[in-house]
Amino acid sequence: MNAQTGEQKLPTIRDYFSATQLRADRWSALREACEGMQRNGVSSRQGKKLRTTALDLMEALAPIETYWAFPGAAVFENLRRLLAQENIEDLSVSVRRIARALTSGAYRRRTVPLNSSEIDNEDYEDEAALSPEARALGRPYFEVLIVDDVAEQHERFLRSSLQRMRRSEDPFIYEPVVVPSLEDALLGILFNHNVQAVVIRPGISLKSKNKLPILDEYVSHLGQDEEVDSLAPSEFGPEACRLIAKIRPELDAYLVTDRSVEDIAGLDLGRCRRVFYNQEDFLELHLNILRGVTARYKTPFFTALKEYSKQPTGVFHAMPISRGKSITRSHWIQDMGAFYGPNIFLAETSATSGGLDSLLEPRGPIKEAQDMAARAFGSKQTFFATNGTSTCNKIVVQALVKPGDIVLIDRDCHKSHHYGMVLAGARVVYMDSYPLHEYSMYGAVPIREIKHNLLRLKAEGKLDRVRMVLLTNCTFDGLVYNVQRVMEECLAIKKDLIFLWDEAWFAFARFGPSYRLRTAMRVANTLRRTLKTDETAAAWEAQQKLLKDADDETILNTRLVPPPDARVRVYATQSTHKTLTSLRQGSMIHVNDQDFKGEVEEGFHEAYMTHTSTSPNYQIIASLDVGRRQVELEGYEFVQRQVESAMAIRRAVTTHPLLKKYFKLLTPSDMIPEEYRESGIESYYDPEQGWLDTWEIWSTDEFVLDPTRVTLAVGGTGWDGDTFKTKILMDKYGIQINKTSRNTVLFMTNIGTTRSSVAYLIEVLVEIANELDDLLDDASRMERRSFDNRVAALVEHVPPLPDFSRFHDAFRDAGETPEGDIRSAFFLSYTEENCDYLPLDDRLMERLNAGEELVSASFVIPYPPGFPILVPGQVISPEILAFMRALDVSEIHGFRADLGLRVFTKDALASLKSRDTEGS
Ligand SMILES: Cc1ncc(COP(=O)(O)O)c(C=O)c1O
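The rules behind the values
Counting restarts for each chain: residues are numbered from 1 in the order of the written sequence. Only residues with pLDDT of at least 70 get local features here, since the model is predicted, and only at 80 or more are side-chain atom pairs given and counted; chain-wide, interface and lining totals rely on the full set of residues. Calculated side-chain values reflect all of the structure's heavy atoms, with hydrogen atoms and water omitted. UniProt positions are given in the numbering used here, feature names are shortened, and annotations may be inferred rather than shown by experiment. A pair of strands is considered paired only if DSSP assigns at least 2 bridges between the two. Here a strand is any run of E in DSSP of at least two residues, a helix any run of H or I of at least four, and the numbering for each starts at the N terminus. Only C-alpha atoms enter the line fits that serve as axes; for helices the fit covers just the stretch in contact. Angles between N-to-C directions range over 0 to 180 degrees. Residue contacts follow a heavy-atom distance rule, with two residues in contact if any of their heavy atoms lie within 4.5 Å. Note on definitions: salt bridges are taken to be side-chain nitrogens of Lys or Arg within 4 Å of carboxyl oxygens of Asp or Glu. Burial classes follow relative accessibility: with a 1.4 Å probe on protein chains only, a residue under 20% of its type's maximum area counts as buried, one over 50% as exposed, and anything between as partly exposed. When two rings of Phe, Tyr or Trp (its six-membered ring) have centres within 6.5 Å they constitute a pair, described as stacked for plane angles under 30 degrees, edge-to-face for angles over 60, and tilted for the intermediate range. Think of it as a cone above the ring: NZ of Lys or CZ of Arg counts as a charge over the ring if it is within 6 Å of the ring centre and within 35 degrees of the ring normal. We call a residue near a molecule or strand when any one of its heavy atoms sits within 4 Å of it. Polar contacts, as counted here, are pairs of nitrogen or oxygen atoms within 3.5 Å of one another; within protein the pair requires one atom able to donate a hydrogen and one able to accept it, and residues that are adjacent in sequence qualify only if both atoms are side-chain atoms. Amino acids outside the nonpolar list (Ala, Val, Leu, Ile, Met, Phe, Trp, Tyr, Cys, Pro) and the charged list (Asp, Glu, Lys, Arg) are all regarded as polar, and Gly is one of them. Nonpolar core, defined: a set of buried Ala, Val, Leu, Ile, Met, Phe, Trp, Tyr and Cys residues in which side-chain atoms within 4.5 Å join the residues together. Here, patches come from residues exposed beyond 30% relative accessible area and free of salt bridges, joined within 9 Å for like charges and within 5 Å for nonpolar side chains (Val, Leu, Ile, Met, Phe, Trp, Tyr). Only the protein chains shown count as cover for residues, with accessible areas throughout obtained via the Shrake-Rupley method and a probe of 1.4 Å.

If you look the chain up in an unreviewed UniProt entry, it shows as Aminotransferase class I/II-fold pyridoxal phosphate-dependent enzyme from Tropicimonas aquimaris. Of the comments in the UniProt record for the chain, the one headed Cofactor (unreviewed entry) reads "pyridoxal 5'-phosphate".

Below is the structure:
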């Protein structure tokens with residue numbers, strides 16, 4: 001909006017993805033309008049227009065401000081009065097100070113003087129710009145939502161009663177915000193990321209008086225509309241507790257009630273920390289609020305490590321870097337000490353030197369830190385790993401799969417799984433993801449494909465050997481499964497299946513309410529609850545009758561209901577370091593398995609020992625501990641911001657006329673075929689309608705696209721993905737990305753992405769487009785033709801992605817099902833005489849076309865796409881060969897251009913007898 005002319009209409013919530021950004025921009029628009037009035041005079045033509053703008057902005061801000069402690073409802077009312085009185089000078093000062101304090105975060109550290117009579121040097125810095133030491137010295141700030149429908153005077157009393165409880169020794173400082181109703185409580189926790197605790201009092205009412213489209217949208221997706229509408233007033237409080245736990249489970253709720261203890265005792269109160277019966281006991285409430293936040297703030301291992309680093313110790317074990325001794329005494333590596341500073345070396349130690357816990361047998365602060373992570377991520381047990389999710393995956397597979405067990409797995413999964421299968425001796429069923437040929441990438445595995453494989457195995461009587469379904473969620477490109485549907489339908493076919501969800505890219509998802517619906521741990525907890533209900537039993541029995549003589553096609557077309565006695569056996573591995581705060585390689589394994597204690601624990605321990613270093617890095621463990629603290633206190637805020645940044649990129653590229661010429665931003669409809677998009681939604685942003693409702697999509701569709709993974713098709717520039725990444729983005733503009741396909745690049749926003757880095761990216765893309773425009777303007781006909789040819793090669797002539805062919809019979813069990821013994825194939829190639837090399841030439845293609853069976857002896861992994869297009873024991877199909885020959889990537893692991901494809905000799909294959917179904 002232009003504050004000078006005041007002519008454009010106000011942006012609405014539809015123009016924004018989150019209300020927080022809308023709020024920030026409205027405040028700065030209000031500041032501009034006030035300054036404009038001051039400059040032009042309020043009674044000038046221009047001044048009058050700006051006055052209307054300011055009035056509109058205040059009107060629009062008013063309902064949002066009721067959910068924030070700063071500047072607060074009273075101050076906001078005063079601003080309105082100042083405008084009504086045309087006291088523009090005072091208004092301008094106050095609005096400027098508020099807008100600045102909101103952007104800098106200064107209100108978190110001190111009282112911001114808002115009256116022009118109060119001195120304010122206004123030189124406060126941005127919170128983020130303060131030194132870490134300065135910030136660590138200040139007390140962290142948060143807000144407490146009090147829900148009580150009371151008159152203004154009583155509201156003031158509530159606020160001041162809590163403020164009066166403040167003591168100098170309090171570890172945190174907080175401000176109360178009072179809202180009247182259950183709906184307001186939910187909106188408060190959705191809008192205001194500063195809220196860490198909610199106090200629900202007996203006067204709570206049901207409906208919000210604020211009428212905003214965004215409010216309706218949020219409320220309608222809580223999915224409880226009708227149930228909530230029919231509640232008795234005495235139920236509002238308990239229901240508020242339950243709904244808060246659904247939306248932001250990390251928050252502490254406190255219920256103040258006048259109902260009897262017996263009445264309350266049996267109720268589900270979500271994550272309510274305490275029930276108070278005395279409405280006036282503010283000290284007790286204050287202490288509980290602080291204790292609740294302290295419980296999340298605590299970092300047992302990081303704190304222990306800090307303490308350890310302060311202690312004087314003599315080092316008489318093998319670790320010269322410990323306490324920096326080998327560096328400080330050095331004449332040649334002083335720069336290392338200068339670069340890292342002393343603390344990292346003071347904190348270098350090992351479990352054997354005592355004092356700190358051991359990752360391999362945690363009993364002290366590491367155990368405590370893991371338990372806290374389990375709470376934060378919704379698991380029953382959480383294990384830290386200091387060597388990435390690559391290792392976590394191998395641990396989980398080894399712990400659960402024994403030789404001969406069948407595992408269903410997405411064939412474009414991370415390579416750690418393929419190696420895990422080799423180590424465990426699993427019989428592998430590779431499932432194909434749907435291909436996106438146009439962009440040379442894979443999607444995800446449709447539920448139909450998973451069920452189809454399970455049904456085939458069932459038909460051959462092999463279901464009892466099927467142990468695990470392993471899927472990547474979300475995929476590198478951001479495709480997200482409907483986790484609940486996958487688990488329910490699979491359990492309907494085999495009720496004790498184990499699921500391993502590779503959430504390497506999805507640790508942050510727990511802290512966004514719609515994302516959370518599709519995380520393994522959340523769904524595991526939901527299933528634990530829903531499987532036991534009478535409704536599930538009735539639905540299952542009814543479906544059993546219906547499907548009694550059903551053929552496979554009917555079963556494939558039916559949304560299956562799991563039996564009530566199905567077991568919940570769910571594992572998730574997460575690269576904390578990829579999406580949250582952790583040093584490189586910091587990862588977690590989350591377990592939610594009803595049979596873990598009885599059946600798995602021992603094996604898990606062995607697997608953990610197999611793969612974990614006896615010298616784990618303590619700094620990584622400490623960073624996992626701190627990363628957990630962060631998400632429990634500000635994960636919600638950061639994830640919101642991350643999504644907002646991604647949406648800003650999406651909007652800019654979709655609407656910019658020049659960018660549209662050379663780039664295409666891939667939308668859900670480009671990356672998810674229609675049959676998997678039940679909502680029918682095509683794009684997150686529509687220039688006409690603004691943002692579409694992502695909540696709906698996330699609760700219905702078979703696949704959704706994580707909006708924070710922004711795939712940009714760059715074929716229109718004439719550069720392939722890899723060249724665009726290295727030569728243009730990295731070398732020229734210093735922009736780093738890590739995934740490309742033949743004609744796309746992937747931009748990811750993360751919890752550290754700032755608004756200015758988004759702006760820089762857009763600027764760079766515009767500059768690239770401008771340069772291309774200039775280049776083509778001056779191009780000769782020949783040059784133009786060459787450009788068009790390059791574009792056509794990238795956009796139109798993309799080699800189709802090959803499916804997984806099959807394992808050679810020598811590595812197959814008896815029967816028709818596809819599971820293969822990857823381990824035998826892997827080790828067969830260890831004997832050099834078993835292998836031969838074949839160049840990728842026409843002769844090879846002729847041999848394949850003539851029906852000859854050639855079998856790969858190794859993994860062949862081209863980058864991109866980065867997953868094996870051949871695994872040991874796999875038959876090479878003409879399609880795979882054609883794909884390899886068309887690939888113009890420089891990096892193909894497992895393939896030597898000077899020798900050719902490594903295949904098994906006929907003799908080697910013949911030496912393996914046809915195999916029986918028992919494990920080797
Ligand atoms: C899906 C998936 N799983 C696992 C990993 C391995 O994770 P880490 O780098 O933490 O070992 C990756 C790495 O890119 C991945 O993309």
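J.: Looking at this structure, I do not really get the sheet that holds strand β5 (residues 272-276). What am I missing?
T.: Neighbouring strands of a sheet are bound in pairs by backbone hydrogen bonds; such pairs are parallel or else antiparallel. The five strands are arranged β2-β1-β3-β4-β5 in an open sheet whose pairing can be described as parallel. Each end of this open sheet is capped by a strand with a single partner; those strands are β2 (173-179) and β5. With direction set aside, neighbouring strand axes in the sheet form an average angle of 20°. The sheet contact formed by strand β4 (residues 252-256) and β5 spans four bridges and is parallel. Of the residues in β5, the one forming a bridge with Ala253 is Cys272. Across the sheet, helix α7 (residues 182-191) touches β1 (141-147), β2 and β3 (195-200), and the angle it forms with β1 is around 165°.

J.: It is not clear to me how the pattern of salt bridges should be interpreted in this structure. Could you clarify?
T.: Using the criterion set out here, one finds 61 salt bridges in the structure. Residues Arg167 and Glu169 are paired through a salt bridge, measuring 3.7 Å at the closest nitrogen-oxygen approach. A salt bridge links Asp821 to Arg427, with the nearest nitrogen and oxygen atoms 3.9 Å apart. With a gap of 394 residues between them, Asp821 in strand β23 (residues 820-821) and Arg427 in strand β8 (residues 427-431) connect regions that are remote in the sequence. The same class applies to Asp821 and to Arg427, which are both buried. Within the structure, one salt-bridge network assembled from shared partners comprises Arg467, Arg567, Arg569, Asp593, Asp595 and Glu599.

J.: Teacher, can you tell me more about the packing of aromatic side chains here?
T.: We describe a pair of aromatic rings using the distance from one ring centre to the other and the angle between the two ring planes. The tally for this structure, following the rule as stated, stands at 40 aromatic pairs. Ring geometry for Phe596 versus Phe604: centroids 5.5 Å apart, planes at 70°, classification edge-to-face. The pair formed by Phe596 and Phe604 is uniform in burial state, with each residue classed as buried. Following the ring pairs from residue to residue traces out a cluster consisting of Tyr419, Phe826, Phe827, Tyr830 and Phe859. Between Arg23 and the ring centre of Trp68, over which it is positioned, the NZ or CZ distance is 4.2 Å. Over the ring of Trp505 we find Lys578, and its NZ or CZ is 4.7 Å from the ring centre.

J.: How should I be thinking about the site of the ligand in this particular structure?
T.: Among the 13 residues in the neighbourhood of the ligand, the closest are listed as Thr389, Ser390, Asp502, Ser575 and His577. In the environment of the ligand, an oxygen atom lies 2.8 Å from a nitrogen or oxygen atom belonging to the side chain of Trp505. Looking at the shell around the ligand, the elements with two or more residues in it are α18 (388-400) and α26 (576-579). Examining the composition of the shell around the ligand, we find that four residues originate from one element, α18, more than from any other. Taken together, the residues that form the shell around the ligand break down as two nonpolar, nine polar and two charged.

J.: Can you help me understand the pairing of β3 in this one?
T.: Each regular strand carries side chains that alternate between the two faces of the sheet. β3 sits mainly inside the fold: six of its six residues count as buried. Relative to β3, β1 runs parallel, the two being bridged by five bridges. Paired with Glu143 across the strands is Val195, a residue of β3. One ladder, built from four bridges, connects β3 with β4; its direction is parallel. In the sheet register, Ile200 faces β4, and the bridge partner there is Leu255.

J.: Would you explain the sheet that holds strand β22 (residues 744-748) in this entry?
T.: Across the sheet, which stays open at both edges, the four strands sit in the order β16-β20-β22-β21 with antiparallel pairing between neighbours. Where the open sheet ends on each side, the last strands, each with one partner, are β16 (664-665) and β21 (739-740). Pairing of strand β20 (residues 709-713) with β22 involves five bridges; the strand directions are antiparallel. Residue pairing across strands places Val710 opposite Phe747, the latter belonging to β22. Sitting on the sheet, helix α32 (residues 721-733) touches β21 and β22, and the angle it makes with β22 is about 60°.

J.: What's the story with the nonpolar core in this structure? I'm lost.
T.: As a rule of thumb, nonpolar side chains are buried together in soluble globular proteins. Counting residues in each nonpolar core, the largest one holds 129 residues, and the members touching the most others are Leu408, Ile450, Met468 and Trp501. With nine residues, the single largest contributor to this core is helix α28 (residues 618-655). Beyond its immediate sequence surroundings of up to four residues, Trp501 is in contact with Leu471, Asn473, Tyr481, Val483, Val486, Met487, Ala520, Val570, Tyr571, Ala572 and Thr573. Formed by 36 residues, the second largest nonpolar core is a distinct cluster that contains Tyr67, Trp68, Ala185 and Leu206.

J.: What is the right way to read the side chain of Gln642 from this model?
T.: Summarising the element assignment, Gln642 is placed in helix α28. In this structure Gln642 comes out as buried when scored by relative accessible area, which is 3%. Among residues more than four places away in sequence, those in contact with Gln642 are Phe508, Thr708, Thr749, Asn750 and Ile751.

J.: How should a nonpolar patch on the surface be read in this particular structure?
T.: Together, Trp332, Ile333, Met336, Phe339, Tyr340 and Ile344 make up an exposed nonpolar region whose accessible area comes to about 700 Å². With three residues, the single largest contributor to the nonpolar patch is helix α15 (residues 334-340). Among the secondary structure elements, Ile333 is positioned in the loop between α14 (325-328) and α15.

J.: Explain the environment of Asp788 here, please?
T.: Position of Asp788 relative to the elements: it lies in helix α34 (residues 781-795). As a C-alpha pair, Asp788 and Ala245 span 543 residues in sequence and 55 Å in three-dimensional space.

J.: Just to check I follow, could you spell out unusual backbone geometry for this structure?
T.: Cis rather than trans, the peptide bond between Phe70 and Pro71 has omega equal to 0°. By secondary structure assignment, the location of Pro71 is in the loop between α2 (45-65) and α3 (73-84). The omega torsion of the bond from Asn473 to Cys474 falls at 0°, within 30 degrees of zero and hence cis. Of note in this structure, Gln585 is not a glycine but carries a positive phi near 80°. Tracing the backbone through its elements, the reader meets Gln585 in the loop between α26 and β15 (587-593).

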